[in-house]
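What the coordinates show
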Amino acid sequence: MVRVTVLGSGDAFGSGGRANSAYLVEGAGRTFLLDCGPTILQSLKRFGRDPGEVDFVLVSHLHGDHFGGIPFLFMEYRYEKPRSRPLTVYGPVGTERRVRALFAALYEQTAREPLPFALRYQEIAPGTPAVVDGVRVVPFAVPHVAELVCLGYRIEVGGRAIVYSGDSGWTEEFVAQTRGADLFLCECSTYESRLPIHLAYPEIAARAREFGCRRLVLSHLGSEPLRHLEEITLECAFDGMTLDLA
Ligand SMILES: [Zn+2]
Ligand SMILES: [Zn+2]
């Protein structure tokens, strides 16, 4: 069985008091984080999960609500529950530079000192499938912001396929990538507002039938969709939700 635990279903603004983007994926003997927003330690601990379980981190793009929690993982592994096994952070071009800079900004002295575990960074390029720690990852470029490489992922683990939109405006890639998938975690930042960099609920609803996934779950929910929950008929994520892909 593959299990996805929603650790953060909110947007960058913590709308509705929801935590920032992070999903814990477990399957085939691996446990990893798909995005790691700044609220990562609060969410893991709130839902009774041990941060030490995390084998690796996979980042969609370098916006704070998606990678800002990585230095806090390092702090946990340095002081609170010392880690000895290696950790790899996978993400788009710039991941190592941005995480190092963020760690240095947040904990200047600690960031200068050696960590008790081997830390590796590995770049993921759109269009180049990779096998990371036994998990097949198909990264695809999504239209979000021009200054960053922003990725969506199709992740194949334990015989199941999970598609994650990351942050994105509409792209036909979602139709192609969700074919035969078990789960599509799709961002839904707005409702009335139409932005080229995010998805609005009516846009998703109009195309949802074309997705070839078994289950569609909306996440990265902003204040607009949260105000319209009564009218939303597609399934919405919540913090602590577990999705079992049997
Ligand atoms: Zn975001
Ligand atoms: Zn973003």
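Here's what I pulled together on the structure shown here. (Residues numbered from 1 in each chain as written. Chains lettered and ligands numbered in written order. Predicted model: local features only at pLDDT ≥ 70, side-chain atom pairs only at ≥ 80, totals over all residues. Heavy atoms only, no water.)

**Digging into the coordination of the zinc ion (ligand 2)**
We count it as follows: A donor here means any N, O or S atom no more than 2.8 Å from the metal (3.2 Å for Na, K and Ca); water is not included, so a site may seem to lack partners. Square planar and octahedral assignments, for four and six donors respectively, both demand that opposite donors be over 155 degrees apart and that all other angles lie between 65 and 115; tetrahedral needs four donors with all angles between 85 and 135 degrees, and anything else is irregular. The helix count covers DSSP runs of H or I at least four residues long, the strand count covers runs of E at least two residues long, and both are numbered beginning at the N terminus.
Listed as protein donors to the zinc ion (ligand 2) are His61 (NE2), His63 (ND1), His144 (NE2) and Asp167 (OD); their distances from the metal cover 2.2 to 2.4 Å. Relative to the metal, the 4 donor atoms surrounding the zinc ion (ligand 2) lie at angles of 92 to 163 degrees, and the coordination shape comes out irregular. Within one chain, the residues serving as donors to the zinc ion (ligand 2) are arranged as H-x1-H-x80-H-x22-D. In this model, the zinc ion (ligand 2) sits 3.7 Å from the zinc ion (ligand 1), the two metals being bridged by Asp167. You can see His144 sitting in the loop between strand E8 (135-141) and strand E9 (151-157) and its partner Asp167 sitting in the loop between strand E10 (160-164) and helix H6 (173-177), a full 23 residues away along the chain.

**Here's the deal with empty space enclosed by the protein**
Under the convention used in this document: Within this scheme a cavity is a closed region of a 1 Å grid, computed over the protein atoms alone, that accommodates a 1.4 Å probe without allowing it to escape, whereas a pocket is open but has protein on both sides within 12 Å along at least five of seven lines; lining residues each have an atom within 4 Å of a point. Grid points are joined across faces, edges and corners, and a volume is the space filled by probe spheres set on the points. Polar here means any residue other than Ala, Val, Leu, Ile, Met, Phe, Trp, Tyr, Cys and Pro, which are nonpolar, and Asp, Glu, Lys and Arg, which are charged; Gly is therefore polar.
Summed over the entire model, instances satisfying the criterion amount to 1 cavity of 30 Å³ or more. Approximately 30 Å³ is the volume found for the largest cavity. Lining of the largest cavity is provided by Ser21, Tyr23, His66, Tyr164, Ser165, Gly166, Asp167, Leu185, Cys186, Glu187, Ser219 and His220. No other element matches strand E11 (residues 183-187), which puts 3 residues into the lining of the largest cavity. Here the lining of the largest cavity is composed, by residue class, of 4 nonpolar, 6 polar and 2 charged.

**So, the coordination of the zinc ion (ligand 1)**
In the first shell of the zinc ion (ligand 1), the protein supplies Asp65 (OD), His66 (NE2), Asp167 (OD) and His220 (NE2), at 2.1 to 2.2 Å from the metal. Each of the 4 donor atoms around the zinc ion (ligand 1) contributes to a set of angles spanning 88 to 161 degrees, which defines the coordination as irregular. Spacing between the donor residues of the zinc ion (ligand 1) along their common chain follows D-H-x100-D-x52-H.

**Considering the sheet that holds E8**
The condition is simple: Should DSSP find at least two bridges between two strands, the strands are regarded as paired. All axes are obtained by fitting lines to C-alpha atoms, using only the stretch in contact for helices, and the reported angles, taken between N-to-C directions, cover 0 to 180 degrees.
Sheet architecture is open: 6 strands sit in the order E7-E8-E9-E10-E11-E12, paired in mixed fashion. Edge strands, defined here as strands with exactly one partner in the open sheet, are strand E7 (130-132) and strand E12 (215-219). This sheet shows a mean twist of 20 degrees between the axes of neighbouring strands, independent of strand direction. Relative to E12, E11 is paired through 5 bridges, and the arrangement is parallel. Residue pairing in the sheet places Phe184 in a bridge with Leu216 of E12.

**Details of the pattern of salt bridges**
Under the convention used in this document: Salt bridge criterion: a side-chain nitrogen from Lys or Arg within 4 Å of a carboxyl oxygen from Asp or Glu. Each residue is placed in one exposure class: buried if its accessible area under a 1.4 Å probe, protein chains only, is under 20% of its type's maximum, exposed if it is over 50%, and partly exposed if it falls in between.
Across all of its chains, the model carries 16 salt bridges by this definition. Between Lys45 and Glu76 there is a salt bridge; the shortest N-O distance is 2.7 Å. A residue pair is termed long-range when its members are at least 10 positions apart, and Lys45 in helix H1 (residues 40-46) and Glu76 in helix H3 (residues 70-80) qualify at 31 residues. On the basis of relative accessibility, which here comes to 43%, the residue Lys45 falls in the partly exposed class. We note a salt bridge from Glu156 to Arg136, for which the minimum N-O separation is 3.3 Å.

**Considerations on the side chain of Asp182**
Heads up, the condition is: The term polar contact refers here to a pair of N or O atoms within 3.5 Å; inside protein, the definition further demands a hydrogen-donor-capable atom paired with an acceptor-capable atom, and it admits residues adjacent in sequence only when both atoms are side-chain atoms. Note on contacts: a residue pair is in contact if any heavy atoms of the two residues lie within 4.5 Å.
Position of Asp182 relative to the elements: it lies in the loop between H6 and E11. Reaching out from Asp182, the side chain makes a polar contact with the side chain of Arg214 at a distance of 2.3 Å. Other than its neighbours up to four places away in sequence, Asp182 contacts Gly159, Arg160, Ala161, Arg214, Arg215 and Leu245.

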